[in-house]
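# Analysis of the macromolecular model
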Amino acid sequence: MSDNVKYVLEENRLPRAWYNINADLPAPLAPVLHPGTREPVEAADLEPLFPRAIIDQELSQEREVEIPDPVRDVYRQWRPAPLYRARRLEKALDTPARIYYKYEGVSPTGSHKPNTAIPQAFYNQAEGVKRITTETGAGQWGSSLALAGSMYGLDIEVYMVGVSYRQKPYRRAFMESFGARCIASPSEQTAFGRSVLAEDPESTGSLGIAIGEAVEMATQRDDTKYALGSVLNHVLLHQTVTGLEAMEQLAMADDYPDTVVACTGGGSNFAGIVFPFLGEQLRGGRAVEAIAVEPLACPTLTQGRFAYDYGDSAQLTPLTKMHTLGSGFVPPGFHAGGLRYHGMAAQISHLKDLGYLDARAYDQLDCFAAGLRFARAEGVIPAPEANHAVKAVIEEAERCREAGESKAILFNLCGHGNFDMQAYTDYLAGKLTNLGGSQAEVAMALSGLPSVER
Ligand SMILES: *Cc1c(COP(=O)(O)O)cnc(C)c1O
């Protein structure tokens, strides 16, 4: 095997199509239900929120969905993204495992999110939309949509989870630099925000609340649509560009992963790296072990219920069958803001239910410790979210050492942590604590699940 540790694809190897796992699912997804009628939603129900091209992708069963040339042109600014073999980490762990990581920190916002922000803005602009509303947790998604909005001349309005808005002033400046408007959620701008504040003036906010506000604003104006940075089928579809590239890069390395690992907030970076490989398996090809990693303080896949639930706390969105902690669940304020969502992508929940993937949950101190081991070996400080994947990878690699097992592990290093220095400051100062699993709160939020007969 070559000693090369960085696998770079020629520009002309940038994928021409995204991969849609709906085409290969062994059983179809449960239908998404209208929140009022509780009948399966139709394309027309989604039109107030999304452009038609996005709705088509959301409902598509086609295996390959063409990436428009103008989107590929923008992707080319940082894609194909590099794949690295983590030789120095392997050595530090004294493991026979081969560890590879796909590095999405090379994007202009430092994470995988522009992979979907760019096409979403493109399709909105193509259909005459002028303004997009959205939510953001830690600020990664808002930053990426702000970037995309500036490229396509769209007004972007971002409802940012209040606690993050106050913790991360640089993120807000980043969005405003691209011309976006950033509003702390819950806000006085929406009826839903006002109702939350009336009940709890000190509310820290949550993704579910911010989504409720963004959706409310989008439905009020004809020239305004809404965009979501994770969870939905079309978002997971757009992210598969990472796994498709990684597949080619591993072929350059003459290797194939036995295990693929990613952290899961709503599931998009996980789907992006895992689905192309899982698709091979579902079509009768080589099997992979897929591991989803989440925070113990927001344990959607490991402790949530697989049931119909709303995507937001305002209960405005359609009902989706997914792993959920309940749309009223407000996780404690840990530092991996991107992993604080109460639900999980329907496609990932479905595949978990069918036994095609494993999930693990870790507490935050263990994840930061793992992230620093990675940083000191590989020279990249991971985003706090990505530390969850790193923690699972190190655990696997150490298990391989004990068992004398040689295998290939691939993970998605979905973002760098250069904007998250407050988190690292707190960790290094010994100010972070483990949060444990908030079982009582999970139970309480789950008791509020809507009852859907199906
Ligand atoms: C948003 C984000 C996540 C969580 O979202 P997924 O859809 O689960 O990928 C994870 N990592 C980073 C760096 C993020 O920005």
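Please refer to the structure placed before this passage.
What counts and how
Residues numbered from 1 in each chain as written. Predicted model: local features only at pLDDT ≥ 70, side-chain atom pairs only at ≥ 80, totals over all residues. Heavy atoms only, no water. Core = buried A, V, L, I, M, F, W, Y, C linked by side-chain atoms within 4.5 Å. Buried < 20%, exposed > 50% of the residue type's maximum accessible area, 1.4 Å probe, protein only. Helix = DSSP H or I, 4+ residues; strand = E, 2+ residues; numbered from the N terminus. Axes fitted to C-alpha atoms, helices over the stretch in contact; angles between N-to-C directions. Parallel < 35°, antiparallel > 145°, perpendicular 65-115°, else oblique. Left-handed = near helix turned anticlockwise from the far one by under 90°. Contact = heavy atoms within 4.5 Å. Nonpolar A, V, L, I, M, F, W, Y, C, P; charged D, E, K, R; others polar. Near = heavy atom within 4 Å. Polar contact = N/O pair within 3.5 Å; in protein donor to acceptor, adjacent residues only side chain to side chain. Areas by Shrake-Rupley, 256 points an atom, 1.4 Å probe, with all protein chains shown as cover. Pairing = 2+ DSSP bridges. Right-handed = clockwise from strand over helix to strand, strands pointing away. Arc of directions from axis to C-beta. Salt bridge = Lys/Arg side-chain N within 4 Å of Asp/Glu carboxyl O. Lys, Arg positive; Asp, Glu negative; His and termini not counted.

This brings us to the nonpolar core. Core analysis: the largest hydrophobic core is formed by 50 residues, its most contacted members being Trp18, Tyr75 and Tyr226. Elements with a contribution of two residues or more to this core: helix H2 (52–59), helix H3 (69–75), helix H5 (114–126), helix H6 (140–152), strand E7 (155–161), strand E8 (181–185), helix H10 (207–219) and helix H11 (233–252). At seven residues, the largest contribution of residues to this core is made by H10. Membership of the second largest hydrophobic core comes to 42 residues, among which are Ala86, Tyr103, Val293 and Leu449.

Another point: the packing of H5 against H6. Close contact between H5 and H6 brings their axes to 8 Å; oriented N to C, the two are set at 40°. The angle between H5 and H6 falls in the class oblique. The two elements H5 and H6 meet at a crossing, and its hand is right-handed. Here H5 contributes Pro114, Thr116, Ala117, Ile118, Gln120, Ala121, Phe122 and Gln125 to the contact with H6, which in turn contributes Trp141, Ser144, Leu145, Leu147, Ala148, Met151 and Tyr152. Considered class by class, the residues forming the contact of H5 with H6 number eleven nonpolar, four polar and no charged.

Moving on to the site of the ligand. Around the ligand, the surrounding shell holds 16 residues, and the nearest of these are Lys113, Ser230, Gly265, Ser268 and Asn269. Contacts to the ligand include lysine 113, whose side-chain N or O atom sits 2.7 Å from an oxygen atom. One of the backbone N or O atoms of glycine 267 is found 2.8 Å from an oxygen atom in the ligand. Protein coverage of the free-state accessible area of the ligand, which is 380 Å², stands at 97%.

Counted residue by residue, strand E6 (residues 131–136) has six buried out of six residues, so it is predominantly covered. Residue alternation in E6 divides its side chains into two sets, Arg131, Thr133 and Glu135 and Ile132, Thr134 and Thr136, and both sets are buried. Note that E6 and E7 share six bridges and pair parallel. What sits directly across from isoleucine 132, in E7, is isoleucine 156. The β-α-β motif built from E6, the intervening H6 and the parallel element E7 has right-handed crossover chirality. In the sheet, E6 pairs with strand E9 (residues 224–226) via three bridges, with the strands oriented parallel. By the bridge assignment for E9, isoleucine 132 is matched with lysine 225.

Here the focus is helix H8 (residues 169–177). Within H8 the residues assigned to the buried category are Arg171, Phe174 and Met175. Buried residues in H8, looked at end-on, bunch into an arc of 95°, giving them a common side. Of the exposed residues in H8, those oriented more than 90 degrees away from the buried face are Tyr170 and Ser177. Against E6, H6, E7 and E8 lie the buried residues of H8. Of the residues flanking the end of H8, it is glycine 179, one or two places downstream, whose phi is positive at about 90°.

Here we take up the pattern of salt bridges. The tally for this structure, following the rule as stated, stands at 26 salt bridges. Note that glutamate 248 is salt-bridged to arginine 13, the shortest N-O span being 3.3 Å. Of this pair, glutamate 248 sits in helix H11 while arginine 13 sits in the loop between strand E1 (6–7) and strand E2 (17–19), and the two are 235 residues apart along the sequence. Owing to a relative accessible area of 43%, arginine 13 belongs among the partly exposed residues under this scheme. Residues glutamate 90 and arginine 85 are paired through a salt bridge, measuring 2.6 Å at the closest nitrogen-oxygen approach. Look at glutamate 90 and you get buried, because its relative accessible area is 8%. Given the relative accessible area of 7%, arginine 85 is considered buried. What emerges from the salt-bridge pattern is a single network uniting Glu289, Arg360, Glu396, Arg399, Glu405 and Lys407.

So, on to the side chain of serine 111. As for its position among the elements, serine 111 is in the loop between strand E5 (98–103) and H5. For serine 111, the side chain forms a polar contact with the side chain of glutamine 140, separated by 3.2 Å. The contacts of serine 111, once residues within four sequence positions are left out, are Glu104, Gly105, Gln140, Ser144, Cys414 and Gly415.

Pairing is parallel across the open sheet formed by four strands, whose spatial order is E8-E7-E6-E9. Two strands bound the open sheet, and with one partner strand each, they are E8 and E9. Neighbour-to-neighbour, the strand axes of the sheet open up by a mean angle of 25°, direction not taken into account. Most of the contacts of H10 go to E6, to which it runs at about 170°, and overall it touches E6, E7, E8 and E9.

With respect to the element layout, glutamate 135 can be found in strand E6. No salt bridge is formed by the buried glutamate 135; its nearest oppositely charged neighbour, lysine 113, is found at 9.1 Å. Within the structure, the side chain of glutamate 135 is placed 2.8 Å from the side chain of tyrosine 226, a separation counted as a polar contact. Ignoring sequence-local partners within four residues, the contact set of glutamate 135 consists of Trp141, Val158, Tyr159, Leu207, Ala210, Ile211, Ala214, Tyr226, Ala227, Leu228 and Gly229.

Function cannot be inferred from these measures alone, as they are strictly geometric.
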